[in-house]
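# Examination of the molecular architecture
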Amino acid sequence: MNVNEAKRRNAENAPASPENKAETKKPKKRRRKPLILRFLGFVGTTVLVMFLSFVLLFVVTGSICAIAATAYVVNYMESTTSVSIQELTMSYSTNIYEMNEEGEWENVYHVNNDVKRKPVKLSEVPKYTQYAFVCAEDERFYEHEGVDFQRTLFVIIKFIPSFWNANSFDQGGSTITQQLVKNLTGDNDPSPQRKIREIYRAMQMEKSYSKDEILETYINYIGFGGAASGIEMAADKYFGKTVSELTLAESACLAAIPQSPEVNNPFAGKNVVADNEVTGTQYVTDTFINTGMEVNRKRMEYILKQMYTNGVITFDEYQKALNEHLIFKGTDEYKALHPEEEEEEKEETADTSQGTSWSVDEAIREFRDMLMEERGVSKERAYNIINTGGYQIYSTVNREMQKYVEEKYSELNNLLRGMTTERATTIFRDLDGDGEYTDEENLVLKSGFTAIDYNGNVLCTVGDIGQKKGALGTSFASTEPQQIGSTIKPVSTYGYALYHDYISWGTKIQDFPPYVVNDRPWPTNYSENSSVTVYSSKRIPVYTALQWSYNTIPAQILKTYGERNVYDYATETLGLQFDEAKDVDWAPLTVGSLHYGVTVKNLANAYMVYGNGGYYSKAHIISRIETGDGTLVYAGGDDYKAVIDPETSFVMNKLLQNIVQNGTGKMARVWSGGKEVPMAGKTGTTQDWCDETFVGLNPDFVSAVWMGYKENKEMRNHGAISSAHIWRNIMGEWVQSHWSGNDFPECDSVVVGYVCPATGKIAGPNCGHGMVGYWKSTNTPYCDNYDCVMKPPAESSN
C-alpha cells in the first residue's frame, strides 16, 4: 500500500468534523407560494413569452414584407417609363391624308381640337397669380423634389381605414409635378400601382426640368371647366382678360377651379328637374341654377388665406382681394362694359362640328386602339392625344375605290339589283300601335364592306348604306361583329386539315352528321325546311364539299382533329378574333355560329393568306404616322410574315376558285377585256337566313361583304338574294375596269393532275379522268384502285 492510498483510507474512517456535519444536515423544507400566486405567475410568463414571440414575428414578417415591397417598387419603377414635357407642348392640329387619283397626298380631314388652349410664358404671368396656384395646390412646391412626402404620409394615414378600397389612393396628396404627370400620361387608375408610377415619374421630371418649367407647363395645360384649358384661356373665359391683366382676387378665383373644374368653376350649375303630373315621369326644365359661384368663392377665400399665411401677400392685399367685386364675362354688368364683344361671341359659338368619312373614322379608331394598347390609356384619353398631338396620319385608302364603293352604298337597291328591292326586303312594323310604319320602327337591310390588298393595307371601307352622318358611329364593316356562316369553313376546318396534310384535294369523307344535338343528328346540310334531314351518308370529295358548302364534312374534320387545334389555326395563324370562352366548340368552328361573330374586316384579313402565297399582316388603314416636325411615330405592315406554306395557300386558292367556277359563288364571276378575271371566293348564309356573307379574292385584293338586319331576324325575300351577287353588284364593275391582268401567285411544287372519280386520288393510268385537281407535294395520294379514307393524325406529316 503506498502512502497516498493510506491517507485516503484514514480520511474515510476519520470522524466527521463540525463543518462536515453541517454539510450533511437535511435542507429545510421551502414554503410553497399560494396557488393563486403560482397561477398568476404562470399566466404572466405565458403572456410575456407570447407577446415577445408576436413582436419577434412582427419584426421578421415586417422585414420580409419591407424587402419584398422594396424589390417590387424598384422593379416596378424600372419598368415605368418616364415622361416628357415636350409631349404636352405638341398641341397642334392633327391631319389625316389619303392619296388621290393623281398619286398626291390630299388632306381629307382636319381633326378638331376640342381643347381650347393658348400657351403663355411664365414671365407673362403675374407673380401673385403663380403663387395663387402654388398655395392652392402645393404650398411646398419650391421645397420638395417632385413629391411632398409629408403630405403623402398624411393622406395615407387618413385613408388607412379604407386601405382595401382602391379608390382611396386617388384622394389628394398630389403635388403640382404629380398632377402634371397625371395630365400628361392620362394615367387615372385609382390604385397603389398608379401612385407608385406617378411618384417615380414626378421625381424623374424634377431631375429633368426646373421648377419654373414645370409650373409654366402646369398652368398652361390644366383644365378650367368645359373646353377651356390653360390660364390664358381661363382668364378670357371667366373675365374677358389676358393673364397679365388679372387681379389678385381674379387669380385666386381661377386657382380655385382645377381641384374640380366642372364643380368649382363660377359658371357651374344644373337645370332644374321637374315632375310631369300627367305621365308621372321627370323632365329637365330650361331653368338653370348656378352652383359654382358659392363653391368657387369658398375655395377662393381659402387660397387667399393660404397666400397670406405663407407670406406671399400682405394683410392689406389679403383684405383688398377679399372685398374685391368680381365681374364675370357674360353677365349683364360685363356686357355693359364691353358691348363690342357681343358679335364676336356669336361667331365663336357657331356650330363648327363636321362629319367624317368611313375611312377617316377607321383611321382614328386604329390610332386610338394603338394608343390604348401601347400606353395603357383610356379611350377618352386616347382621343384627346389624337386631337391635341399634332399628328400627321397617312392612310392606305385608295380614294378612287373608296368613292366608287360609297356611291354604290348610297342606296340599298344598288346592292340588290337583279335580285329584289329594298321594299321587298323591308320588315314593316308598327311597334307603338299608332297605325303608322315609320323608318324608326321598320327593319331595313344593313351592310358593310371592306377591301384589303395582299399586304394588309385597307383599300376601302364602308360601314352602312345611305348618307353617312356624324363621326365615329357604328360601322357594319369594322366595329360590329357579324355572324359569317359558311365563310368560316376555309379558315377553320378545311384550312387546318389541308395545312397539316390531313386532307387533300379529293379526300373522300362521309356525308353524315357526327354529332347528336337534342336527339337529332347534327349538322345537316342546306335545306329550305329545317325539319328535313339532309345528308346522303355517301363519301364526298373535299372539292365537292366546299363547292356546295356541305356542313357535315367540316364537322367530320372537326371531330377527327379536335376543336382546340382548329380554333388555334383560325385565331393564332389567321388572326380571327373569336371568343375563346364560347367558340372552341362544334357550331362556331363548323358552320360559323359564333358567340359574338367577327367583323367584315377581320374576315377579309384572314382570307388574304389564300391569295398571296401564305403571308399575313394585320389589316391596317394607317400607312405611317408622323409628328408635326416629321418624326416617324409608326409604320404599318411591319408584321408582314409567312404564316402558312405556299402550297397550302395555292391549293386552297384553287378550291375557292372552284366554288366561283362551279359552285355557290358562280354569281361572282367577272370578265375584263374578253378574259375571265381569276376569282376565288366563299359564300356564307346563317341559320334561318338572317345573314348573307361573301368573301371574294382576285389577284389584286381580297374583299368581303355582309348583309342583314340590325336585329337577328330572318331576311325577308331571302330566296331571291345571293351573297355572291351582292358582291358583284358592288365590285364587279370595278374589277372589270381595274384588273391588273395578273394571276394569283404560282407554286411550281404543287402536283397537278386529274382526279380519279372513284377514289378522289390522283388518277392513275387505269382511272377515269374527272376534273383537274391540285395536291401538295407532301400529300400526293395516287390512285391504287382502293377507296381512300381520312388519314389519321398519327400518320400525318406536317
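You'll find the structure just up there.
This write-up is about the structure you can find in this document.

Rules used throughout
- Residues numbered from 1 in each chain as written.
- Predicted model: local features only at pLDDT ≥ 70, side-chain atom pairs only at ≥ 80, totals over all residues.
- Heavy atoms only, no water.
- Phe/Tyr/Trp six-rings, centres within 6.5 Å; stacked < 30°, edge-to-face > 60°.
- Helix = DSSP H or I, 4+ residues; strand = E, 2+ residues; numbered from the N terminus.
- Buried < 20%, exposed > 50% of the residue type's maximum accessible area, 1.4 Å probe, protein only.
- Core = buried A, V, L, I, M, F, W, Y, C linked by side-chain atoms within 4.5 Å.
- Contact = heavy atoms within 4.5 Å.
- Axes fitted to C-alpha atoms, helices over the stretch in contact; angles between N-to-C directions.
- Parallel < 35°, antiparallel > 145°, perpendicular 65-115°, else oblique.
- Pairing = 2+ DSSP bridges.

## Points about the packing of aromatic side chains
In this structure the tally under the stated criterion is 28 aromatic pairs. Relative to Tyr-318, the ring of Tyr-308 has its centre 5.4 Å away and its plane inclined at 5°; by these criteria the two rings are stacked. Here the residue Tyr-308 occupies a position in helix H13 (residues 292-309), and Tyr-318 occupies one in helix H14 (residues 315-323), the gap between them amounting to 10 residues. In this structure Tyr-308 comes out as partly exposed when scored by relative accessible area, which is 36%. When its relative accessible area of 13% is taken as the criterion, Tyr-318 is described as buried. Consider the rings of Phe-650 and Tyr-774, whose centres lie 5.9 Å apart with planes at 70°: the pair is edge-to-face. Placement of the pair is Phe-650 in helix H29 (residues 646-662) and Tyr-774 in strand E22 (residues 772-775), with a sequence separation of 124 residues. The same class applies to Phe-650 as to Tyr-774, namely buried.

## Description of the nonpolar core
With 87 residues, the main nonpolar core has Phe-367, Tyr-494, Phe-578, Tyr-607, Tyr-610 and Leu-697 as its most contacted residues. Leaving out residues up to four positions away in the same chain, Tyr-494 has contacts with Lys-489, Ile-503, Val-542, Ala-545, Leu-546, Tyr-550, Ile-553, Pro-554, Ile-557 and Met-652. Residues Leu-180, Ala-235, Ala-255 and Ala-256 belong to the second largest nonpolar core, which totals 47 residues.

## Structural notes on the packing of helix H10 (residues 231-239) against helix H11 (residues 248-255)
H11 packs onto H10 with a crossing angle of 110° between their chain directions and a minimal axis gap of 11 Å. By the angle between their directions, the pair H10 and H11 is classed as roughly perpendicular. Of the residues in H11, those touching H10 at Ile-231, Ala-234, Ala-235, Tyr-238 and Phe-239 are Glu-250, Cys-253 and Leu-254.

## Things to note about the sheet that holds strand E18 (residues 680-685)
Spatially, five strands are ordered E7-E6-E20-E19-E18 in an open sheet, and the strand pairing comes out antiparallel. At either end of the open sheet lies a strand with only one pairing partner, and these are strand E7 (458-462) and E18. Across this sheet, the average inter-strand angle for adjacent strands is 5°, counted without regard to direction. Sheet topology places E18 next to strand E19 (residues 691-698); six bridges connect them, and they run antiparallel. Its bridge partner being in E19, Gly-681 is matched across the sheet by Gly-696. Of the strands in this sheet, strand E6 (446-452), E18, E19 and strand E20 (701-708) touch helix H30 (residues 723-738), which is tilted by about 140° from E20.

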